[in-house]
Amino acid sequence: MFDSDSLARALAGLRFGRPLHFFPQIGSTNDEAKRLADSGAPEGTLVVADEQTTGRGRAARRWITPRGAALALSLILRPDIAAAHAPRLTMLAGLAGCEAIEQVAGAHTQLKWPNDVLIGGKKTGGILVEAALEGERLKYAVVGIGINVSCTPPPAEVDFPATSLEAESGRAVDRVTLLRTLLGHIEEHYTELSENGLFREWRARLTLMDAPVVVRAPEGELRGQPVDVDPDGALRLRLESGEVRRVLAGDMRLRPAS
Ligand code: BTN
């Protein structure tokens, strides 16, 4: 069962996941979590929905969460860190997402910079971290995670090949177990937010390094080859001119053969 009572029972004993706000249907769990955080909701507050009608992805894309077929959650965190370290929360969520999927679905995962969770080169999960700042410090972060469990969005709705856990693993995946496992891994890595190990583990999972890619960045479309990432989450992209450019935000895809 995917309802408030079953979720509350399954999450008992965890550090995060309380208070729990469950919605059979909602616009976007991130919007609700931001509203709660702005009204003072404590760290660990979790918003979970069975269905989202206006789910959001990065770069103002739509994120589809059909009823009963996906995991859509937003977790409020209030770590005492500098605003400049906010990308570590994205690393944390990506890493925890990979570990939870591998544990529950038994499928090998990789991350595509900055933080798409891939199985077999196709996207199965996405992360949208939205941070509020207070001067130079982080006030709160809403960590939004969406995982396709038994649904694959139609090709017209996505700009990267997509898949689902069940399609890739060939087994049924219980969303409650997946949620509990995911929160457990988030908790485990939360204590490492200020350590380099978190960055190293995130970096080790990145795919498409050295591949010919196109990165859609705020400064425009960049063509090149990723050579590495920096501890602040920036991608180091070798442009066709040979210059290595640091890219702080954007979306990356393989460059089609010409
Ligand atoms: C991306 O890959 O572009 C990020 C997708 C993030 C989707 C999740 S689903 C739960 C939370 N609520 C939202 O509206 N978005 C995030």
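The coordinates are above.
Residues numbered from 1 in each chain as written. Predicted model: local features only at pLDDT ≥ 70, side-chain atom pairs only at ≥ 80, totals over all residues. Heavy atoms only, no water.

Here we look at the overall build of the protein chain
Inference 1: Helix and strand counts for the protein chain come out as six helices and 13 strands.
Inference 2: In terms of overall size, the protein chain behaves like a compact globule, its C-alpha atoms giving a radius of gyration of 18 Å where 258 residues would be expected to give roughly 18 Å.
Inference 3: Reported as C-alpha extents along the three principal axes, the dimensions of the protein chain are approximately 55 × 45 × 30 Å.
Inference 4: Relative to its 258 residues, the protein chain shows a buried fraction of 53%.
Inference 5: Summed over all atoms, the accessible surface of the protein chain reaches about 11400 Å², with 50% contributed by carbon and sulfur.
Inference 6: Across the protein chain, the 31 positively charged side chains and the 34 negatively charged ones have centroids separated by 2 Å. (Helix = DSSP H or I, 4+ residues; strand = E, 2+ residues; numbered from the N terminus. Rg over C-alpha atoms; globule rule 2.2 N^0.38 Å. Buried < 20%, exposed > 50% of the residue type's maximum accessible area, 1.4 Å probe, protein only. Areas by Shrake-Rupley, 256 points an atom, 1.4 Å probe, with all protein chains shown as cover. Lys, Arg positive; Asp, Glu negative; His and termini not counted. Charge placed at Lys NZ, Arg CZ, Asp CG, Glu CD.)

Considering the site of the ligand
Inference 1: Surveying the vicinity of the ligand reveals 20 residues, the closest of which are S28, Q52, R56, R58 and K123.
Inference 2: S28 is positioned such that a nitrogen or oxygen atom in its side chain is 2.8 Å from an oxygen atom of the ligand.
Inference 3: Within the side chain of T29, a nitrogen or oxygen atom sits 3.0 Å from a nitrogen atom of the ligand.
Inference 4: Protein coverage of the free-state accessible area of the ligand, which is 410 Å², stands at 100%.
Inference 5: Put simply, the parts of the chain that give the shell around the ligand at least two residues each are α2 (29-38), β3 (70-77), β6 (122-134) and β7 (137-148).
Inference 6: Element by element, the count of residues in the shell around the ligand is highest for β6, at four residues.
Inference 7: Across the shell around the ligand, the residue classes tally to five nonpolar, ten polar and five charged. (Near = heavy atom within 4 Å. Polar contact = N/O pair within 3.5 Å; in protein donor to acceptor, adjacent residues only side chain to side chain. Nonpolar A, V, L, I, M, F, W, Y, C, P; charged D, E, K, R; others polar.)

Focus: the nonpolar core
Inference 1: Of all hydrophobic cores here, the largest spans 64 residues; its most connected members are L178 and V215.
Inference 2: Ranked by the residues each element gives to this core, the list is headed by helix α3 (residues 87-105), at eleven residues.
Inference 3: When near neighbours in sequence (up to four residues on either side) are disregarded, L178 contacts L71, A100, I101, V104, I147, V149, L165 and V173. (Core = buried A, V, L, I, M, F, W, Y, C linked by side-chain atoms within 4.5 Å. Contact = heavy atoms within 4.5 Å.)

A closer look at unusual backbone geometry
Inference 1: In this model, R18 is joined to P19 through a cis peptide bond whose omega is -10°.
Inference 2: As for its position among the elements, P19 is in the loop between α1 (4-10) and β1 (20-23).
Inference 3: The linkage connecting W113 with the following residue, P114, adopts the cis geometry, with an omega of 0°.
Inference 4: Positionally, P114 belongs in the loop between β4 (109-112) and β5 (116-119).
Inference 5: In the Ramachandran plot, A59 falls in the positive-phi region, its phi being about 55° despite a non-glycine side chain.
Inference 6: Structurally, the position occupied by A59 is in the loop between β2 (46-49) and β3.
Inference 7: Look at A59 and you get exposed, because its relative accessible area is 65%.
Inference 8: Here L208, not a glycine, exhibits a phi torsion of approximately 70°, which is positive.

Overview of the sheet that holds β1
Inference 1: A sheet is described by the order of its strands in space; here eight strands give the open sequence β1-β2-β3-β7-β6-β5-β4-β8, paired in mixed fashion. At either margin of the open sheet sits one strand with a lone partner, and together these are β1 and β8 (206-207).
Inference 2: Of the pairings in the sheet, the one linking β2 to β3 comprises four bridges and is antiparallel in character. Bridge pairing in β3 links V48 to L73. (Pairing = 2+ DSSP bridges.)

Thoughts on the packing of α3 against helix α6 (residues 196-204)
Inference 1: Between α3 and α6, the shortest axis-to-axis distance is 9 Å and the interhelical angle comes to 55°. Looking at the two axes, α3 sits oblique to α6. Helix-helix and strand crossings are classified by hand; for α3 and α6 the assignment is left-handed. For the pair α3 and α6, contact is made by R88, M91, L92, L95 and E99 and by L198, F199, E201 and W202, respectively. (Axes fitted to C-alpha atoms, helices over the stretch in contact; angles between N-to-C directions. Parallel < 35°, antiparallel > 145°, perpendicular 65-115°, else oblique. Left-handed = near helix turned anticlockwise from the far one by under 90°.)

Some details on the sheet that holds strand β9 (residues 213-217)
Inference 1: Sheet architecture is open: five strands sit in the order β12-β11-β10-β9-β13, paired in antiparallel fashion. Of all the strands in the sheet, the pair left with one neighbour each is β12 (244-247) and β13 (251-254). Here the strands of the sheet are splayed against their neighbours by 45° on average, with no regard to which way each runs.

Here we look at the side chain of E51
Inference 1: Relative to the assigned elements, E51 resides in the loop between β2 and β3.
Inference 2: At a separation of 3.4 Å, a polar atom in the side chain of E51 contacts the side chain of Q25.
Inference 3: The contacts of E51, once residues within four sequence positions are left out, are P24, Q25, I26, T65, P66 and R67.

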